[in-house]
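Here's the letter readout for the chains.
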Amino acid sequence: MLPLLLDRAGPEPLHRQVYDQLRAAILTGRLAAGDRLPSSRALAQSLGVSRSTTVLAFDQLLAEGYLVTRTGAGTYVPTELPELKLEASPTGPAALPPTTTYPLSDYGQRLAQTGALHVRTEAAPITFTHYGEPALDQFPLEVWRTLTQRRLRDHDVPLGYERDARGYLPLRAAISEYVTRARAVSCHPDQIVIVGGSQQALDLAARLFVNAGDRVVFEEPGYLGARRVFESYGADLVPVPVDEAGLQVDRLPDAGARLVHVTPSHQFPTGSVLSLPRRLALLDWAERVGALIVEDDYDSEYRYIERPIPALQGLGHHGRVLYIGTFSKVLFPGLRLGYLIVPEALVDLVSRAKWLTDRQAPLLEQAVLADFIREGHMGRHVRRMRTLYAARRACLTQALARVFGDRVRLLGDQSGMHLFISLESGLSDDKVLARAKAEGVGLASAAPYYAGAAPGGEFVLGYAHLTEAAIEEGIKRLARAVGGLHG
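Keep in mind the model is a prediction, meaning the values are calculated, not measured.

**Q** Quick rundown of the sheet that holds strand E1 (residues 36-37)? Include the residues and the values.
**A** Spatial ordering of the open sheet is given by E1-E3-E2, a layout of 3 strands whose pairing is antiparallel. The sheet is open, and its two borders are formed by E1 and strand E2 (68-70), each paired with just one other strand. As paired elements, E2 and strand E3 (residues 74-76) share 3 bridges and run antiparallel to each other. Residue Thr69 lies in a different strand from E3, and its bridge partner there is Thr75.

**Q** Give a detailed account of the confidence of the model for the chain, specifying residues and quantitative values.
**A** Of the residues in the chain, 94% have a pLDDT of 70 or more, and the chain-wide mean is 90. Within the chain, no element has a lower average pLDDT than helix H4 (residues 82-86), which sits at 62, and none a higher one than strand E5 (residues 192-195), at 97.

**Q** Run through a nonpolar patch on the surface, naming residues and quoting values.
**A** Together, Tyr107, Leu111 and Leu117 line one region of the surface with nonpolar side chains, adding up to about 260 Å² of accessible area. Overall, the relative accessible area of 36% leaves Leu111 in the partly exposed class.

**Q** Report on the pattern of salt bridges, specifying residues and quantitative values.
**A** Applying the stated rule across the entire model yields 25 salt bridges. Residues Arg145 and Glu142 are paired through a salt bridge, measuring 2.3 Å at the closest nitrogen-oxygen approach. Residue Arg145 and its partner Glu142 are both found in helix H6 (residues 141-153); the two are separated by 3 residues, about one turn of the helix. Owing to a relative accessible area of 53%, Glu142 belongs among the exposed residues under this scheme. In this structure, Arg183 and Asp297 form a salt bridge, with 2.7 Å as the shortest nitrogen-oxygen distance. Linking Arg183 in helix H7 (residues 169-183) with Asp297 in the loop between strand E10 (292-296) and strand E11 (321-326), this pair joins segments that are 114 residues apart in sequence. Classification of Arg183 by relative accessible area gives buried; the value is 1%. Residue Asp297 is classed as buried on the basis of its relative accessible area of 6%.

**Q** Residues and numbers for the packing of aromatic side chains, please.
**A** One pass over the full model with this rule turns up 14 aromatic pairs. One aromatic cluster is present, formed by Tyr131, Tyr223, Phe268, Tyr298 and Tyr449 through successive ring pairs. In this structure, Arg70 packs its charged tip against the face of Tyr76, placed 3.9 Å from the ring centre. Across from the ring centre of Tyr161, 4.4 Å away, lies the NZ or CZ of Arg359, which sits over that ring.

**Q** How would you sum up unusual backbone geometry? Please name residues and give values.
**A** Each neighbour pair has its own omega, and for Glu220 with Pro221 the value is 0°, a cis peptide bond. With respect to the helices, strands and loops of the structure, Pro221 is situated in the loop between strand E6 (215-220) and helix H9 (224-232). Geometrically, the link from Phe268 to Pro269 is a cis peptide bond, its omega value of 10° lying close to zero. Along the chain, Pro269 turns up in the loop between strand E9 (257-262) and helix H10 (276-289). In this structure, His155 takes a positive phi of about 55° despite not being glycine.

**Q** So what's going on with the sheet that holds strand E14 (residues 418-423)? Residues and values would help.
**A** Judged by pairing direction, the sheet is antiparallel, and its 4 strands sit side by side in the order E13-E14-E17-E16 without closing on themselves. Strand pairing shows two members of the sheet lacking a second neighbour, strand E13 (408-411) and strand E16 (444-445), which therefore form its edges. In this sheet, strand E17 (residues 458-462) lies alongside E14 in antiparallel orientation, the contact comprising 5 bridges. Across the sheet, the residue bridging to Ile421 is Phe459, located in E17.

**Q** I'd like to hear about the packing of helix H1 (residues 14-28) against helix H3 (residues 51-64), residue by residue, with values.
**A** The interhelical angle for the contact between H1 and H3, taken along N-to-C directions, is 45°, at an axis separation of 8 Å. With respect to H3, the element H1 is oriented oblique. By crossing handedness, the relation of H1 to H3 is classed as right-handed. Within the contact between the two elements, H1 uses Leu14, His15, Val18, Tyr19, Leu22 and Arg23 and H3 uses Thr53, Leu56, Ala57, Phe58, Gln60, Leu61 and Glu64.

What counts as what
Residues numbered from 1 in each chain as written. Predicted model: local features only at pLDDT ≥ 70, side-chain atom pairs only at ≥ 80, totals over all residues. Heavy atoms only, no water. Pairing = 2+ DSSP bridges. Helix = DSSP H or I, 4+ residues; strand = E, 2+ residues; numbered from the N terminus. pLDDT = per-residue confidence, 0-100. Patch = residues over 30% accessible without salt bridge, like charges linked within 9 Å, V, L, I, M, F, W, Y side chains within 5 Å. Areas by Shrake-Rupley, 256 points an atom, 1.4 Å probe, with all protein chains shown as cover. Salt bridge = Lys/Arg side-chain N within 4 Å of Asp/Glu carboxyl O. Buried < 20%, exposed > 50% of the residue type's maximum accessible area, 1.4 Å probe, protein only. Phe/Tyr/Trp six-rings, centres within 6.5 Å; stacked < 30°, edge-to-face > 60°. Lys NZ or Arg CZ within 6 Å of the ring centre and 35° of its normal. Axes fitted to C-alpha atoms, helices over the stretch in contact; angles between N-to-C directions. Parallel < 35°, antiparallel > 145°, perpendicular 65-115°, else oblique. Left-handed = near helix turned anticlockwise from the far one by under 90°. Contact = heavy atoms within 4.5 Å.

Below, the structure written as structure tokens:
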């Protein structure tokens, strides 16, 4: 018989005590695999309890796999216990046969062969690599919390399915008013589709307008996230260089291009601005060759020497521009909301594609964001951040000039949340990154943003998330790493 000790005066039911002690005996090996247990009746008699007590304990152990029954032979401890089944295999996924294959689609195969989806950076005490990250500690979280709580308190929360795949109408109306006023975009709410950030907008554009083998014009250097999207759909990428006036429109192909991706108001990563003559020439080119323009307007609110430049979309009258905006830089990346403004003729098609992609963006966040914009909080936040980022940019440019002198060249316009520099160090980019890392500074080379050979010595420095003290210290450390006038 089994040596089980029952506490009849204790708070635990007797059947639970029997279960716990039998389970412990099995797990510790006192009852080994293959051992036969006494019948529930015999065990009940030996313990001096009712048979229902032992039946309950046995049933639970059988249900959980700690015991098995053999017809006509009794109840036994199994050879494989539940805990062992739940434990992860020590070899993990590598235990799969090396010949295992999966039936990937053409898209899946292209994606598997695509390079890194983003520039990989390592953590550092002071990092300039977060060039798309706003100053999150400056976001008016209390205002956002109040607006959210008000929606919840007043039961004014859209909790069901959104019937319109384009998104929450009050938010689309608020965005329409905002971009018309702030970016000179020409649109009405029906043309706006709420998306999960600019990346989803790019994917929708590629999915709807790019077939494998189609020519897609791309800025050189340009935004890696867009390039990877078009590559995954099998596009034939045509890199066109940029200079201090933006995309060199006179070098666009004469025919055969399906689409062009541009960041005209603050070119990524160089920071140049597409001049008005080139904007008009680009619109004329798109009309002539029958191409679409994807205008990626990711951070143009932050311009520090004059008013923000009007969007390319507002200059066109031929319905050739897909305009992408995002709240990741203006508010915070975790919000995961952006918008795609499309020509009227494409509204139904893009809405269908959006519905099939994810049905709808989160409605509570859309409602709160609509309130945030409509009640003026967005405008106040942007104005405050514009002042803050201008001071941080000035701090960075002054520190670079003081420490490196004419060995550093600042490229691009006075806008945005990052600075593009050319640094003469006599070292390879990899050496610069390694030495900077050793000094506790995270730095990003611009080389991955080139489809072709990169000139070297170019770096992208994000500064919006850093305090002026951190910026000063970071440049001092960089000077120690690569040698500076005062390093």
